[in-house]
Amino acid sequence: AEAEAAREDERARRLAQKTAEAEAEAARRRRQEEKDEEDDAEEEEEVPVAVKVEDVCTYCSKPVGSSRMLHEATCPQRTSQCKDCGQMVKETERQQHEVACLDRPTSCEFCQTLCTRRSLPAHLATCTLRELNCEFCGSPFQRSDLQDHMDFCEYRPVGCPHCHQPVSKKNLKIHEGTCSARATAPSRSSPPPTCQGEPPPTDTTAEASEPASQGGDGAGDTPLEDVTPSEPKPELTEAELEELELLELEKKMSRYGLNC
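Residues numbered from 1 in each chain as written. Predicted model: local features only at pLDDT ≥ 70, side-chain atom pairs only at ≥ 80, totals over all residues. Heavy atoms only, no water.

1. Brief notes about the overall build of the protein chain
Here is step 1: Looking only at helices and strands, the protein chain features nine helices and eight strands.
Here is step 2: Each of the 260 residues in the protein chain was classed as buried or not, and the buried ones make up 13%.
Here is step 3: A sequence separation of at least 24 residues applies to 11% of the contacts in the protein chain between residues at least 6 apart. (Helix = DSSP H or I, 4+ residues; strand = E, 2+ residues; numbered from the N terminus. Buried < 20%, exposed > 50% of the residue type's maximum accessible area, 1.4 Å probe, protein only. Contact = heavy atoms within 4.5 Å.)

Structure (structure tokens):
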């Protein structure tokens, strides 16, 4: 019985020893697996590479390494100063900026004066060599010669001295030949018309000459003034004669109340 008990104790001791060894092996394996997992995680993690400031493009901020100068010479984001307006412009937008830049120099197409695109409209408004069309005949003339032409343009409208309608200077003589107002105008020898109900005008010159022609002792006669020959008057043009006739007609109509 004692021997049997000793064998049971030995078996129990061995079983406990094996159990302890198995637990220790399992713990070692777990520690090894955890260590392996940590090593794998460190290997997978990216380590940032230190980039020098000298290796970064000034325009696009990208790392370009030792070829920085070559990259910046062709970088699409490269900027440079416009020589006309001083604005910093990207290389991709330079052509568009040069087309629209208001400070870009240009020249007047008429006088070849150098100016900028910004000041060109103000220069054209006063350019003496700019060609403008005459508002009467439509012919082009330089600004410095336009006013002189318009003063004597044959298509400039003038007023007819009879009907006062605007007629071109070129056709004034033709219009006067067919003007209805001139055909109905009273002559210088005929008396002017009167308003309805007014007595016809009397000849004041005839009334004034009647007392002098009647007989008498001559006490009331007015002595005649000495008549001295006057200098001959210069001959007037047809237009000046017509203007004098028009003024005389207006005076007669005003005298007899025809403006009522």
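Structure shown, so let's carry the discussion forward.
2. Focus: the pattern of salt bridges
Here is step 1: If you walk through the whole model with that rule in mind, you get 11 salt bridges.
Here is step 2: In this structure, Arg29 and Glu25 form a salt bridge, with 3.3 Å as the shortest nitrogen-oxygen distance. Pair noted here: Arg29 and Glu25 are both in helix α1 (residues 2-44), with a separation of four residues, about one helical turn.
Here is step 3: In this structure, Arg118 engages Asp103 in a salt bridge whose closest nitrogen and oxygen atoms are separated by 3.3 Å. Taken together, the residues span a long stretch of sequence, with Arg118 in the loop between β4 (114-116) and α4 (120-124) and Asp103 in the loop between α3 (94-100) and β3 (105-107) at a distance of 15 residues.
Here is step 4: Overall, Asp103 belongs to the partly exposed group, its relative accessible area being 27%.
Here is step 5: Sharing partners across several salt bridges, the network here consists of Arg78, Glu91, Arg94 and Glu98. (Salt bridge = Lys/Arg side-chain N within 4 Å of Asp/Glu carboxyl O.)

3. With respect to the environment of Val167
Here is step 1: Looking at the element boundaries, Val167 is found in strand β8 (residues 166-168).
Here is step 2: Using a relative accessible area of 12% as the deciding quantity, one classes Val167 as buried.
Here is step 3: Sequence spacing of Val167 and Arg156 is 11 residues, and the spatial spacing of their C-alpha atoms is 8.1 Å.
Here is step 4: Filtering out sequence-adjacent residues up to four positions away, Val167 remains in contact with Arg156, Pro157, Val158, Leu172 and His175.

4. A short note on helix α5 (residues 143-152)
Here is step 1: Every buried residue of α5 is listed here: Leu146, His149 and Met150. Down the axis of α5, the sector holding all buried residues measures 100°, keeping them to one side. Seen from the open side of α5, the exposed residues pointing more than 90 degrees away from its buried face are Asp148 and Phe152.
Here is step 2: For α5, the elements touching its buried residues are β5 (131-133) and β6 (140-142). (Arc of directions from axis to C-beta.)

5. Points about the environment of Ala125
Here is step 1: Mapped onto the secondary structure, Ala125 falls in the loop between α4 and β5.
Here is step 2: For Ala125, a relative accessible area of 47% gives the class partly exposed.
Here is step 3: Along the sequence, Ala125 and Arg143 sit 18 residues apart, while their C-alpha atoms lie 9.9 Å from each other.

6. Here's the deal with unusual backbone geometry
Here is step 1: Notably, Gln112 is not glycine yet its phi reads approximately 65°, a positive angle.
Here is step 2: Structurally, Gln112 can be placed in the loop between β3 and β4.
Here is step 3: Residue Gln112 is classed as exposed on the basis of its relative accessible area of 51%.
Here is step 4: Phi angles above zero are rare outside glycine, and His164 is one such case at about 60°.
Here is step 5: Structurally, His164 is set in the loop between β7 (157-159) and β8.

7. What to know about the confidence of the model for the protein chain
Here is step 1: Residues with a pLDDT of 70 or more make up 68% of the protein chain, whose mean pLDDT is 74.
Here is step 2: Low confidence marks residues 192-198, where pLDDT is under 50. Its contacts with residues over four positions away, or in another chain, come to 11 contacts. (pLDDT = per-residue confidence, 0-100.)

8. Quick look at the state of the cysteines
Here is step 1: In this structure the tally under the stated criterion is zero disulfides.
Here is step 2: Of all cysteine sulfurs in the structure, the one in Cys60 sits closest to Cys75, which takes part in no disulfide; the separation is 3.9 Å.
Here is step 3: Free of any disulfide, Cys160 has its nearest cysteine sulfur in Cys163, 3.6 Å distant.
Here is step 4: By relative accessible area, which is 1% here, Cys160 ends up buried. (Disulfide = S-S within 2.5 Å.)

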